[in-house]
Amino acid sequence: MSERWLAVPHRTEEFVGGCLPACCQMALAFLGIIRTQRQIAALIGHIEAAGTPAPNVARLSDWSVDVHYSPWADLNDLQQGLERGIAVIAFVRTGELPYWEEDVPHAVVVVGMDTTAGIVYVNDPAFERAPIAVPVGDFTLAWDALGNQCAMIGRSIVRENTE
Amino acid sequence: MSVDQRQLSAVLEKLTPGESQMVLQFADFLAQRRARIVDAHKARRKVSAWLVQEVGNLLMGGEPRYVAGERPVWRVPVVVSYGRRGEAACVDVDAQSGTLLVNEQTPQEIISNVRALVGSPTSN
C-alpha cells in the first residue's frame, strides 16, 4: 500500500443505529481509551432512530482527546489525517457503497488509503470483517451524499504530555 | 405594448393554432426550467447534509418532489431508516436560490416527529 495505514481496532455496533458510537469507540480504542458504546451514546446525545448531530462528536474531548469536526472536507484532508495518525469518522450514504444492500445514512472509520490503486479502506461497524476496501469513486459518492462531513479524532497534546 | 411585444404578437397571429400552441408550450418549458435552478439531486444532498449536521446522523433526505408556485420549492421528505421506517417530516428547498427553508425550531420538530413515528405501534 502506498499510503499510511492505521491499526484501528474494529468494533461492531451493539444496538440498532449505533454506528456512530461504534465508530467513536474504535477511534478512542486506537488512542488507548476504552469506553462502552452506551457511554459514548450518552455523551454525544444519541437519540433512538435519529442519532445525534455530527458536531456532537466534539464532546469526546471530555475524555482528553482532540476532536475536529469538519462540515466539509475532501480526500486530501482524509489522507493528511491518516498521515498524522488521526482516526477519521466519515458520514456516508450506504446506497453508494458496493458492499451494502440497504440505502441508509451511516458512519465508518477511514483507516487507510491507497491512492495508486484508488482504494479507501474503512472499518464499517455494521460488518464483522475489517477493513473493507471501497473503490475511491464509490466512497466519494457515498460521502458526498451527506455533505462530505467528518470528525477527526487524535491524541490530545495535554494527554500526551501527562503520559 | 412594446415594439418587441407587437412583433411577437404579429408573428403569433401568422401561426396556425397548432403552431401557436407549440410556441406557448416551449415558452412555458423555458419558464419552468428557469424556475428550477437547483436540481432534485442538489436539493436532496443539501437536506441530507443539514439533517446530519443539525438534527441527527441517522436521518437522510428522501426523493424530492417539485412543488410549483409563486416560490417553487423542492419538498424533501425526512427519511427514518432505523428502528421503524417512514417519513418524519418534509424540508423545503427554494428551487431558485437553493436556500433551505428551515428555522431554529425545525430540528426539534423533526426530532419530535421521529419519536412519534418510532413510538407509534402502527408505523413500520
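Residues numbered from 1 in each chain as written. Chains lettered and ligands numbered in written order. Predicted model: local features only at pLDDT ≥ 70, side-chain atom pairs only at ≥ 80, totals over all residues.

Draft legend 1. Layout of the interface of chain A and chain B. Facing the 22 residues of chain A at the interface are 20 residues of chain B. Secondary structure elements with two or more residues in the side of chain A that touches chain B: strand 2 (87-93) and strand 3 (105-114) of chain A. Residue classes in the side of chain A that touches chain B are distributed as 15 nonpolar, five polar and two charged. (Contact = placed C-beta atoms within 7 Å. Helix = DSSP H or I, 4+ residues; strand = E, 2+ residues; numbered from the N terminus. Nonpolar A, V, L, I, M, F, W, Y, C, P; charged D, E, K, R; others polar.)

Draft legend 2. Here's a closer look at the sheet that holds strand 1 (residues 65-70) of chain A. Residues and elements named next belong to chain A. One open sheet accounts for six strands, arranged 1-6-2-3-4-5; its pairing is antiparallel. Among the strands making up the open sheet, the edge pair consists of strand 1 and strand 5 (132-135). Each strand of the sheet is rotated relative to its neighbour by a mean of 35°, with strand direction disregarded. Here strand 4 (residues 119-123) runs beside strand 5; their pairing, made up of four bridges, is antiparallel. Paired with I119 across the two strands is P135, which belongs to strand 5. Helix-sheet contacts for helix 1 (residues 19-30) involve strand 1, strand 2, strand 3, strand 4 and strand 6 (150-155), and the interaxial angle to strand 3 is about 35°. (Pairing = 2+ DSSP bridges. Axes fitted to C-alpha atoms, helices over the stretch in contact; angles between N-to-C directions.)

Draft legend 3. Representation of the environment of B:V76 in the model. All names here are of chain B. Summarising the element assignment, V76 is placed in strand 3 (residues 73-80). Of the residues examined, V76 has 28 C-beta atoms within 10 Å and is grouped as buried. Residues V76 and V23, 53 residues apart in the sequence, show an inter-C-alpha distance of 33 Å. V76 has contacts with A43, R44, V47, G61, G62, P64, C90, V91 and V93, leaving out every residue within four places of it along the chain. (Buried ≥ 20, exposed ≤ 12 C-beta atoms within 10 Å, placed from the backbone.)

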